[in-house]
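Chain by chain, the residues:
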Amino acid sequence: MNKFMEMLENVLMPIADKLNNNRYLTALRNGFMVALPLIIFGSIFVVIANLPFLDQVLSEDAYAAYQSALGPASAATLSIMGLFVMIGIGYKMVEGRGGEAIYGGVVALASFLILTPQVVEGVGGVIPTGSLGAQGMFLGIFTAFISAELYQFFVSKNLTIKMPDGVPSAVSRSFSALIPITLTLSLFLVIRLLFSFTSFETVQNFIYTIIQQPLTALGSGLPATLLAVLLIQIFWFFGLHGQIIVNSVFDPIWYSLNDQNLAAYQAGEELPHVVTKQFIDTFIVGIGGSGMTLAVIIVIMVVAKSRQMREMGKLGGPPGLFNVNEPVIFGLPIIMNPLVIIPWLLAPVVVAAVTYFAMSTGFAPKPAGVIVPWTTPPLLSGYLATGNNIMGSVMQLISMAIVFVIWLPFIKLLDKQYYGEELKAQKD
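Along each chain, residues carry numbers from 1 onward, in the same order as the chain's sequence is written. For this predicted model, a pLDDT threshold of at least 70 governs which residues receive local features, and a threshold of 80 or more governs which side-chain atom pairs are given and counted, while totals over whole chains, interfaces and linings are taken from all residues. In computing side-chain properties, one takes all heavy atoms of the structure into account and sets aside hydrogens as well as water.

Asker: Explanation requested: the overall build of the chain in the structure shown.
Answerer: Helix numbers and strand numbers start at the N terminus; a helix is a DSSP run of H or I with at least 4 residues, a strand a run of E with at least 2. Counting secondary structure elements, the chain contains 19 helices and 2 strands. When the backbone C-alpha atoms are referred to their principal axes, the chain occupies close to 80 × 60 × 45 Å. Among the 428 residues that make up the chain, the fraction classed as buried is 49%. For this analysis, residues touch if any pair of their heavy atoms sits within 4.5 Å. Long-range contacts, defined here as pairs at least 24 residues apart, represent 72% of the contacts in the chain between residues at least 6 apart. Exposure classes here rest on a 1.4 Å probe applied to the protein chains alone. A residue is buried below 20% of its type maximum, exposed above 50%, and partly exposed in between.

Asker: What is the right way to look at the packing of aromatic side chains in this model?
Answerer: Between two aromatic rings, the relevant description is the distance of the centres plus the angle of the planes. A pair of aromatic rings is counted whenever rings of Phe, Tyr or Trp (Trp by its six-membered ring) have centres within 6.5 Å, and the orientation is called stacked for planes under 30 degrees apart, edge-to-face for over 60 and tilted otherwise. Under the counting rule described, the total for this entry stands at 7 aromatic pairs. With 5.3 Å between their ring centres and 55° between their planes, F195 and F206 make a pair best called tilted. On the criterion of sequence distance, the pair formed by F195 in helix α9 (residues 169–195) and F206 in helix α10 (residues 203–219) is long-range, its members being 11 residues apart. The partly exposed category is assigned to F206, whose relative accessible area is 26%. Taking 5.9 Å as the distance between ring centres and 90° as the angle between the ring planes, the aromatic pair formed by Y356 and F357 counts as edge-to-face. Relative accessible area serves as the criterion here: at 47%, F357 is assigned to the partly exposed category. Among the aromatic side chains, those forming a connected cluster through ring pairs are F195, F200 and F206.

Asker: Can you walk me through the packing of helix α2 (residues 23–49) against helix α5 (residues 81–96) in this structure?
Answerer: For any two helices packed against each other, one specifies the inter-axial angle together with the distance between the axes. Put simply, α2 and α5 touch, their axes get as near as 7 Å, and they point 135° apart. Judged by the inter-axis angle, α2 sits oblique to α5. Taken as a pair, α2 and α5 cross one another with a handedness that is right-handed. In contact with R23, Y24, A27, L28, N30, G31, F32, V34, A35, L38 and I39 of α2, α5 contributes M81, F84, V85, G88, I89, K92 and M93. Any residue outside Ala, Val, Leu, Ile, Met, Phe, Trp, Tyr, Cys, Pro, Asp, Glu, Lys and Arg is labelled polar, Gly included; the first ten of those are nonpolar and the last four are charged. The class makeup of the residues in the contact of α2 with α5 is 13 nonpolar, 3 polar and 2 charged. The angle between two axes is taken between their N-to-C directions and runs from 0 to 180 degrees, where each axis is a line fitted to C-alpha atoms and a helix contributes only its stretch in contact. Should an angle fall under 35 degrees it is taken as roughly parallel, and over 145 as roughly antiparallel, whereas 65 to 115 is taken as roughly perpendicular and any remaining angle as oblique. Each crossing is labelled by how the near helix is turned from the far one, with a counterclockwise turn of less than a right angle marking it left-handed and a clockwise turn marking it right-handed.

Asker: Please clarify how the side chain of T293 should be interpreted in this entry.
Answerer: Along the chain, T293 falls in the loop between α13 (277–285) and α14 (294–303). What makes T293 buried here is its relative accessible area of 0%. Polar contacts, as used here, are pairs of N or O atoms within 3.5 Å; protein pairs need one atom able to donate a hydrogen and one able to accept it. Residues neighboring in sequence count only if both atoms are side-chain atoms. Polar side-chain contacts of T293 include one of 3.1 Å to the backbone oxygen of G288.

Asker: Please explain the pattern of salt bridges as it appears in this structure.
Answerer: It is possible for side chains bearing opposite charge to pair when their charged atoms get close. One side-chain nitrogen of Lys or Arg within 4 Å of one carboxyl oxygen of Asp or Glu is enough to make a salt bridge. Applying the stated criterion across every chain yields a total of 8 salt bridges. Here K366 ties to E270 by a salt bridge, and the two come within 3.8 Å at their closest N and O atoms. Of this pair, K366 sits in the loop between α17 (341–360) and α18 (380–385) while E270 is found in the loop between α12 (242–266) and α13, placing the two residues 96 residues apart along the sequence. Across the salt bridge formed by K314 and E311, the nearest N and O atoms sit 3.8 Å from each other. Of this pair, K314 and E311 both sit in helix α15 (residues 307–321), 3 residues apart, which is roughly one turn of that helix. Within the structure, one salt-bridge network assembled from shared partners comprises R23, R97 and E149.

Below, the structure written as structure tokens:
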């Protein structure tokens with residue numbers, strides 16, 4: 001076991017360190033965090049607009065008017081979440097370099113709009129909201145990275161207009177950004193023109209065909225999902241925030257899949273994907289936190305004899321209901337504890353596989369694309385994430401039972417060790 005842990009540490013620690021310190025992944029993660037409050041706001045109103053049985057209580061016209069009145073809440077947030085993400089990425093990229101962060105955000109937005117066709121069914125000056133949501137997410141991310149780098153490069157070369165000392169600082173900063181922004185946007189205009197002479201016609205078509213479509217297919221499959229879940233657990237075992245590291249890579253894919261499910265849900269169509277952002281957040285992480293430790297706390301409360309374990313269960317229970325599990329991770333402990341590495345790694349992987357097949361076969365509903373706040377207690381979160389379907393809660397109960405069974409012998413073993421130590425201490 002010690003050799004195995006040493007091997008994992010030697011292989012994974014350098015990788016995790018590089019990922020944590022990679023400024024592109026950091027900006028990507030923080031960019032999503034900028035958009036998260038808006039995404040949650042839109043998701044809340046999707047839930048309210050689709051309350052169960054409301055269509056049976058209200059008349060058809062009243063129900064349609066009700067949904068139409070609440071529709072702008074999601075249309076102005078969820079449907080164009082790519083817009084907020086790219087602004088956040090551009091902002092964080094320039095901020096990380098010590099520059100005027102707001103210009104990083106606006107240059108990312110303007111660069112993306114330059115690349116985006118503004119014609120819908122022959123009508124000019126119109127941008128389809130799909131281009132600003134999941135469909136345009138990948139292009140928005142790459143555009144934000146490149147535009148922010150270009151902007152900061154031109155600034156670093158002192159290609160700026162220097163204003164006299166007496167000029168107000170706001171005016172001075174605006175003129176300082178003029179040349180870097182002009183050069184950056186001009187390059188993106190050239191890129192758009194060059195693509196118009198290719199078979200792809202637009203950068204969007206190129207990104208979707210060459211990058212987004214293959215990556216989305218990979219991220220929606222079971223093997224890649226199991227790998228992501230396993231990596232989250234491994235990184236956490238060594239004291240690294242596995243979700244932050246892994247989500248930095250997978251979030252663009254998962255959010256894109258999530259948005260496609262939401263569009264299908266709102267249109268009353270069959271949901272296309274099992275694996276989405278909420279599949280991970282609600283049915284894996286969202287059952288007590290990383291490692292699904294709410295079930296572990298239940299095991300402790302049922303079988304523990306040692307005072308240490310019982311007190312830890314009492315301490316970890318209340319926050320565990322809201323998916324905060326640091327008391328368990330550091331109090332059991334889980335980090336660097338060889339006695340729990342097997343259930344810690346195994347349980348979430350088994351749950352992910354079981355949940356995937358349950359949703360694929362129709363036993364449990366697929367995530368509806370609704371972003372549920374991560375602190376929502378289990379059972380309620382499963383109900384909301386599946387579009388107000390009680391089977392979402394049932395699936396979470398089944399998952400908790402799986403985790404309970406897997407962890408039971410290991411908790412007994414650990415409790416026996418602690419109980420023996422406590423008896424020995426009393427005798428001494």
